[in-house]
Amino acid sequence: MFVQDEMWGKKCHKILGSYCRHLIDKLVADEKGELALRLFLQCALVVNQLPFEQNDVLAYEFFSQVRTHSKLHSHIGVSPYKLDLHVAEVASQVFQISI
C-alpha cells in the first residue's frame, strides 16, 4: 500500500527549488552559462512532471530564471533581445521538439 508523505511537496520544493537553484547559480558564477541554461530548462521539465502542489509555479520559476539571470546573459554571449530564440533552440533540444 502506498502512503504519500505529507511533506512531499515541501521536500520537492526544497530539493528542486533550493538545492538545484544553488547548483545552477554556482555554474553561472563559474561561467558555465550554456550548461546552466540547459539545467534551468531541464529542472522546469522535471518539476512539471512531479505530482506535488504548485509544481507548475516552481516550473515557471525555473523558466523565468533564464530571462532574469543577468550573469547568465553575459556568459552565454547572447543579448537579452536574442535570448528568446536561444532559449527556444535549447528547449527544442531538451524537450526533443522541433521549432
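Residues numbered from 1 in each chain as written. Predicted model: local features only at pLDDT ≥ 70, side-chain atom pairs only at ≥ 80, totals over all residues. Heavy atoms only, no water.

1. Brief notes about the overall build of the chain
What counts is decided by this rule: Numbering goes from the N terminus for both helices and strands, where a helix is a DSSP run of H or I of at least four residues and a strand is a run of E of at least two. The rule is simple: take the accessible area with a 1.4 Å probe, protein chains only, and divide by the maximum for that residue type; under 20% is buried, over 50% is exposed, in between is partly exposed. Contacts are residue-level and defined by heavy atoms, with any inter-residue pair within 4.5 Å sufficient. For the area figures, the Shrake-Rupley method with a 1.4 Å probe applies, and any residue is considered shielded solely by the protein chains shown.
Along the chain, the regular secondary structure elements total five helices and zero strands. Listing every helix and strand of the chain by position from the N terminus yields α-α-α-α-α. Here the chain, with 99 residues, has 33% of them falling under the buried criterion. Taking contacts inside the chain between residues at least 6 apart in sequence as the whole, the part at least 24 apart equals 55%. Split by element, the accessible area of the chain, about 6800 Å² in all, is 57% carbon and sulfur.

2. A short note on the pattern of salt bridges
For clarity, the threshold we go by: Every case where a carboxyl oxygen of Asp or Glu lies within 4 Å of a side-chain nitrogen of Lys or Arg is listed as a salt bridge.
Summed over all chains, the structure comprises two salt bridges. The partner of aspartate 25 in a salt bridge is arginine 21, with the nearest N and O atoms 2.9 Å apart. A residue pair is termed a helical-turn pair when its members lie 3 or 4 positions apart in one helix, as aspartate 25 and arginine 21 do in helix α1 (residues 8-29) at four residues. Notably, a salt bridge pairs glutamate 34 with arginine 38, separated by 3.8 Å at the nearest N-O pair. Taken together, the positions of glutamate 34 and arginine 38, both in helix α2 (residues 33-49) and four residues apart, correspond to about one turn of that helix.

3. Quick word on the environment of glycine 9
Turning to its location among the elements, glycine 9 is positioned in helix α1. Residue classification places glycine 9 among the partly exposed residues on the basis of a relative accessible area of 24%. The spacing of glycine 9 and leucine 50 is 41 residues in sequence and 9.3 Å in space, taken between C-alpha atoms.

4. Observations regarding the packing of α1 against helix α3 (residues 55-68)
Just so we agree on the cut-off: All axes are obtained by fitting lines to C-alpha atoms, using only the stretch in contact for helices, and the reported angles, taken between N-to-C directions, cover 0 to 180 degrees. Roughly parallel means an angle under 35 degrees; roughly antiparallel, over 145; roughly perpendicular, 65 to 115; everything else is oblique.
For the pair α1 and α3, interaxial distance at closest approach is 11 Å and the crossing angle is 10 degrees. Relative to α3, the element α1 lies roughly parallel. Packed against α1, whose contacting residues are His13, Leu16, Gly17, Cys20, Arg21 and Ile24, the element α3 presents Leu58, Phe62 and Gln65 at the interface.

5. Comments concerning α2
The following threshold applies: To estimate the expected span of a helix, subtract one from its residue number and multiply by 1.5 Å. Directions are taken from the helix axis to each C-beta atom, and the arc is the one they span.
With 17 residues, α2 extends 25 Å from end C-alpha to end C-alpha; this agrees with the ideal 24 Å at 1.5 Å per step. Of the positions making up α2, those classed as buried are Gly33, Ala36, Leu37, Phe40, Leu41, Cys43, Ala44 and Val47. End-on, the buried residues of α2 take up no more than an arc of 155 degrees, which puts them together on one face.

6. Focus: the side chain of glutamine 65
Note the cut-off: Between N or O atoms, a polar contact is any pair within 3.5 Å; within protein, one atom must be a potential hydrogen donor and the other a potential acceptor, and residues adjacent in sequence are included only when both atoms are from side chains.
Tracing the sequence through the fold places glutamine 65 in helix α3. Accessibility expressed as a relative area gives 16% for glutamine 65, which makes it buried. In this structure the side chain of glutamine 65 is engaged in a polar contact, spanning 3.0 Å, whose partner is the side chain of arginine 21.

7. Focus: the state of the cysteines
Keep this limit in mind: A pair of cysteine sulfur atoms is labelled a disulfide when the two atoms are within 2.5 Å.
Inspection of every chain in the model, using the stated rule, returns zero disulfides. Cysteine 43 takes part in no disulfide bond, and the closest cysteine sulfur, belonging to cysteine 20, lies 4.3 Å away.

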